[in-house]
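Each chain, letter by letter, is given below.
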Amino acid sequence: MGRGTAAAVAVLAALTGCTVQTPGGDGEPGSPVRIELPDGTPSPARTPAGGGGTAGATPRDGKAPPRVLWAPGDSGRDVRELQARLRQVAWLFEGPTGTYDEATERAVSGFQDKRGLPRTGRTDTVTWQRLLGMTREPGRWDLYLMGGQPADPPDARCRTGRVLCIDKTSRTLRWMVDGRTLSTMAVRFGSEYTPTREGVFSVYWKSRDHVSTLYDSPMPYAMFFSGGQAVHFSADFAARGYAGASHGCVNVRDEAAIADLYARVRDGDKVVVSW
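Residues numbered from 1 in each chain as written. Predicted model: local features only at pLDDT ≥ 70, side-chain atom pairs only at ≥ 80, totals over all residues. Heavy atoms only, no water.

Student: Is there a simple way to explain the overall build of the chain in this structure?
Tutor: Helix and strand content of the chain: seven helices and 13 strands. Pairs at least 24 residues apart make up 51% of the contacts formed inside the chain by residues separated by at least 6 positions. Put simply, the chain shows about 15,900 Å² of open surface, and 52% of that area lies on carbon and sulfur atoms. (Helix = DSSP H or I, 4+ residues; strand = E, 2+ residues; numbered from the N terminus. Contact = heavy atoms within 4.5 Å. Areas by Shrake-Rupley, 256 points an atom, 1.4 Å probe, with all protein chains shown as cover.)

Structure (structure tokens):
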């Protein structure tokens, strides 16, 4: 093939987008004709073999992809809000936990697919704006529906001795010995019709496998401190969080944590319940 013919073929390939191959030394097809681009001309954006876009890739429509706000592995208060809003539109039924886990990724992916958005499972600015428009601002207990909220400073009456220091404001129980907090756990209280009593009490009876005679409901690891009110594990709290309430007892949702606490607490230890 002469130089003029080769040049004509190259021009034709550039105009038509065809792949032109010349015979190799052994008669097999050789490499495609390569057309050099002028200096300063950007090369087309490439997509990795896995199918995902690169950080600087530009889609065919020329628009930059929306910025990703949160993705699997992220954690924090903003992730809690994302999860709380996904619960409002029934795409998530767990948490909020504050950790962008597999359940959150599936919920985001489903939400995106339902609305014709790219199904990435990552929360980008477009996905977030759509979700904001469909939900309300979550309150404190929406964010901590299943517990995990930070404890407030302990009541002054908890500073000495062995104390179950229970705070209704932060919904937490601290196990304290001589002013030191040894463990902290989320707790739930009675409703307005069956409120948990406030004040200073003491543990007067422990019952490992207790069952309520009044409500016929299990109360494992019960530590009674005021009449029929006790600190105990609640399977309902573990399942529904603050969507429910007790009949006046202090519910704990972490069974391992209260099992350990039950082993440490003695009859006569102080119980402080305060706002």
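That covers the picture; the talk isn't over yet.
Student: Honestly, helix α2 (residues 77-88) in this entry has me stumped. Any pointers?
Tutor: Since the α-helix turns once every 3.6 residues, residues separated by three or four places project in the same direction. Here α2 spans 17 Å end to end across twelve residues, near enough to the 16 Å set by a 1.5 Å rise per residue. Among the residues of α2, Val79, Arg80, Glu81, Leu82, Gln83, Ala84, Arg85 and Leu86 are the ones counted as buried. On its buried face, α2 is in contact with β3 (68-70), α3 (102-114), β4 (123-124), α4 (125-134) and α5 (140-143). With its phi angle positive at about 60°, Ala90 sits one or two positions after the end of α2. (Expected span 1.5 Å × (residues − 1). Buried < 20%, exposed > 50% of the residue type's maximum accessible area, 1.4 Å probe, protein only.)

Student: In this structure, what is going on with the state of the cysteines? I would like to understand it.
Tutor: Note on terminology: a disulfide is the covalent bond linking the sulfur atoms of two cysteines. Overall, the coordinates contain one disulfide when judged by the stated rule. Across the disulfide from Cys158 sits Cys165; the S-S distance is 2.1 Å. In this structure the cystine formed by Cys158 and Cys165 twists about its S-S bond by roughly 85°; its chirality is therefore right-handed. We note that Cys158, like Cys165, is buried. (Disulfide = S-S within 2.5 Å.)

Student: Would you take a moment to explain unusual backbone geometry for this structure?
Tutor: A cis amide bond links Gly95 to the next residue, Pro96, at an omega of 5°. You can see Pro96 is positioned in the loop between α2 and α3. Residues other than glycine seldom take positive phi values, yet Asp178 does so here, at roughly 55°. Summarising the element assignment, Asp178 is placed in the loop between β6 (172-177) and β7 (180-188). Even without a glycine there, the phi angle at Asp216 is positive, about 55°. Residue placement: Asp216 occurs in the loop between β9 (205-211) and β10 (218-226).

Student: Sorry, what's going on with the pattern of salt bridges here?
Tutor: Two side chains carrying opposite charge are able to pair once their charged atoms lie near each other. With the rule as written, the count across this model stands at 13 salt bridges. Linking Asp113 and Arg119 is a salt bridge whose minimum nitrogen-to-oxygen distance equals 3.5 Å. Judged by its relative accessible area of 44%, Asp113 is partly exposed. Classification of Arg119 as exposed rests on a relative accessible area of 54%. A salt bridge links Arg188 to Asp236; its shortest N-O distance comes to 3.0 Å. One end of the pair, Arg188, is in strand β7; the other, Asp236, is in helix α6 (residues 235-240), with 48 residues separating them in the sequence. Taking the relative accessible area as the measure of exposure, Arg188 reaches 3% and is therefore buried. Classification of Asp236 by relative accessible area gives partly exposed; the value is 30%. (Salt bridge = Lys/Arg side-chain N within 4 Å of Asp/Glu carboxyl O.)

Student: Please explain the nonpolar core as it appears in this structure.
Tutor: Most often, soluble globular proteins have nonpolar side chains that are buried together. Grouped together as the largest cluster of nonpolar side chains are 23 residues, with contacts concentrated most on Leu164, Ile166, Leu173, Met223, Val231, Leu261 and Val271. Sorting the residues of this core by element identifies β5 (162-167), β6, β7, β10, β11 (229-233), β12 (250-252), α7 (255-264) and β13 (270-274) as the ones contributing at least two each. In contact with Ile166, not counting residues within four places along its chain, are Thr172, Leu173, Val187, Phe189, Val231, Val250, Val271, Val272, Val273 and Ser274. Counting residues in hydrophobic clusters, the runner-up holds twelve residues, among them Val79, Val108, Phe111 and Leu131. (Core = buried A, V, L, I, M, F, W, Y, C linked by side-chain atoms within 4.5 Å.)

Student: Help me understand the packing of α2 against α4, please; the structure alone is not making it clear to me.
Tutor: Helix-helix packing is described using two parameters, namely the angle between the two axes and the distance between the axes. At their nearest, the axes of α2 and α4 sit 10 Å apart, and the two run at 55° to each other. By the angle between their axes, α2 is oblique relative to α4. When the axes of α2 and α4 are compared, the crossing they make is left-handed. Judged by residue contacts, Glu81, Leu82, Arg85 and Leu86 of α2 engage Trp128, Leu131 and Leu132 from α4. (Axes fitted to C-alpha atoms, helices over the stretch in contact; angles between N-to-C directions. Parallel < 35°, antiparallel > 145°, perpendicular 65-115°, else oblique. Left-handed = near helix turned anticlockwise from the far one by under 90°.)

Student: Quick question: what am I supposed to make of the packing of aromatic side chains here?
Tutor: In this description, a pair of aromatic rings is defined by centroid distance and the angle of the planes. Applying the stated criterion to the full structure yields seven aromatic pairs. Both rings, one in Trp70 and one in Trp128, keep their centres 4.9 Å apart while their planes meet at 85°; by these two values the pair is edge-to-face. Pair noted here: Trp70 is in strand β3 and Trp128 is in helix α4, with a separation of 58 residues, a long-range link. Exposure class is identical for Trp70 and Trp128. Each is buried. Relative to Phe224, the ring of Tyr204 has its centre 6.3 Å away and its plane inclined at 45°; by these criteria the two rings are tilted. (Phe/Tyr/Trp six-rings, centres within 6.5 Å; stacked < 30°, edge-to-face > 60°.)

Student: Is there a simple way to think about the environment of Ala230 in this case?
Tutor: By the secondary structure assignment, Ala230 is in strand β11. Relative accessible area serves as the criterion here: at 0%, Ala230 is assigned to the buried category. Along the sequence, Ala230 and Met219 sit eleven residues apart, while their C-alpha atoms lie 8.7 Å from each other.

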